[in-house]
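Here is what each chain is made of, one letter per residue.
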Amino acid sequence: MENEVWEELLKDWKPNCYCEEGEEYCGTCEVCEKPGHLQQCPMPIPYTGCWCDECAKKLIRLYHSGNSPMEAITILFNEAKNKESSV
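All values reported here derive from a predicted model rather than from experimental measurement.

J.: Looking at this structure, how should I read the overall build of the protein?
T.: On a plain count of helices and strands, the protein comes out with 3 helices and 3 strands. In the protein, the succession of helices and strands from N to C terminus is α-β-β-β-α-α. The proportion of buried residues among the 87 residues of the protein is 31%. Intrachain contacts of the protein at a sequence separation of at least 6 include 27% that bridge at least 24 residues. By element, 50% of the accessible surface of the protein is carried by carbon and sulfur atoms, the whole surface being about 6,000 Å².

J.: Explanation requested: the nonpolar core in the structure shown.
T.: Note that soluble globular proteins tend to have their nonpolar side chains buried in a common cluster. Counting 15 residues, the largest nonpolar core has Val31, Cys41 and Leu59 as the members making the most contacts within it. Where this core is concerned, the elements lending two or more residues are helix 2 (53-64) and helix 3 (69-85). Ignoring any residue separated from it by four or fewer positions in sequence, one finds Leu59 in contact with Cys41, Pro42, Met43, Trp51, Ala72, Ile73 and Leu76.

J.: Is there a simple way to think about helix 3 in this case?
T.: Quick reminder: α-helices carry 3.6 residues per turn. Residues three or four places apart thus point the same way. For helix 3, spanning 17 residues, the distance from its first C-alpha to its last is 24 Å, which sits close to the expected 24 Å at 1.5 Å a residue. Within the sequence span of helix 3, burial applies to Pro69, Ala72, Ile73, Leu76 and Ala80. Projection of helix 3 onto a plane perpendicular to its axis shows the buried side chains occupying an angular sector of 100°, all on one side. In this structure, helix 3 carries Met70, Lys81, Asn82 and Ser85 as exposed residues pointing more than 90 degrees from its buried face.

J.: Would you take a moment to explain the state of the cysteines for this structure?
T.: In a disulfide, the sulfur atoms of two cysteines are covalently bonded to one another. Applying the stated rule across the entire model yields 0 disulfides. With no disulfide of its own, Cys19 lies closest to Cys17 among cysteine sulfurs, the gap being 3.5 Å. Residue Cys26 stays outside any disulfide, its sulfur separated by 3.6 Å from that of Cys19, the closest cysteine.

J.: Even after reading the chapter, I still don't get the pattern of salt bridges, so can you show me in this structure?
T.: Oppositely charged side chains are able to pair whenever their charged atoms sit close together. Counted under the stated rule, the structure contains 2 salt bridges. With its nearest N and O atoms 3.3 Å apart, the salt bridge here joins Lys34 to Glu54. With Lys34 in the loop between strand 1 (27-28) and strand 2 (35-40) and Glu54 in helix 2, this residue pair connects regions lying 20 residues apart in the sequence. A relative accessible area of 40% places Lys34 in the partly exposed class.

Calculation notes
- Residue positions are given per chain, counting from 1 as you read along its sequence in written order.
- Whole-chain, interface and lining totals are the exception, using all residues; otherwise, since this is a predicted model, local features are given only for residues with pLDDT of at least 70 and side-chain atom pairs are given and counted only at 80 or more.
- Only hydrogens and water are removed before side-chain values are computed, so all heavy atoms of the structure are retained for them.
- The way it works is that DSSP assigns letters per residue, a run of H or I at least four long becomes a helix, a run of E at least two long becomes a strand, and they are numbered from the N terminus.
- Exposed residues in this analysis have more than 50% of their type's maximum accessible area, buried residues have under 20%, and partly exposed residues fall in between, with area computed by a 1.4 Å probe over protein chains only.
- When checking whether two residues touch, look at their non-hydrogen atoms; a contact exists if any pair is within 4.5 Å.
- Accessible surface area values rest on a Shrake-Rupley calculation with a 1.4 Å probe, where residue burial reflects the displayed protein chains alone.
- Put simply, a nonpolar core is a bunch of buried Ala, Val, Leu, Ile, Met, Phe, Trp, Tyr and Cys residues held in one set by side-chain atoms that sit within 4.5 Å of each other.
- How far a helix is expected to stretch is found by multiplying one less than its residue total by 1.5 Å.
- Arc, as used here, means the arc of the directions from the helix axis to the C-beta atoms.
- Working definition: a disulfide is two cysteine sulfur atoms within 2.5 Å of each other.
- We define a salt bridge as a side-chain nitrogen of Lys or Arg found within 4 Å of a carboxyl oxygen belonging to Asp or Glu.

Next up, the structure:
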């Protein structure tokens, strides 16, 4: 149920990025290396980076689940690192 709530809340989320007109992506995600968007971190910290839509939404969910911004970023990078090492 919780996942459905988040999907509904985030369904219209769009990155506020530096894509030029006609570009689908403007960078590579720092977490998973998929095509992404250079933008302000989707949490209240002064950090600009490149995030794919999936990782940005994960950060938003992690932060709003009670984690601090740094905890959310650490969890996300650790998940990606663990996923990478298991392949």
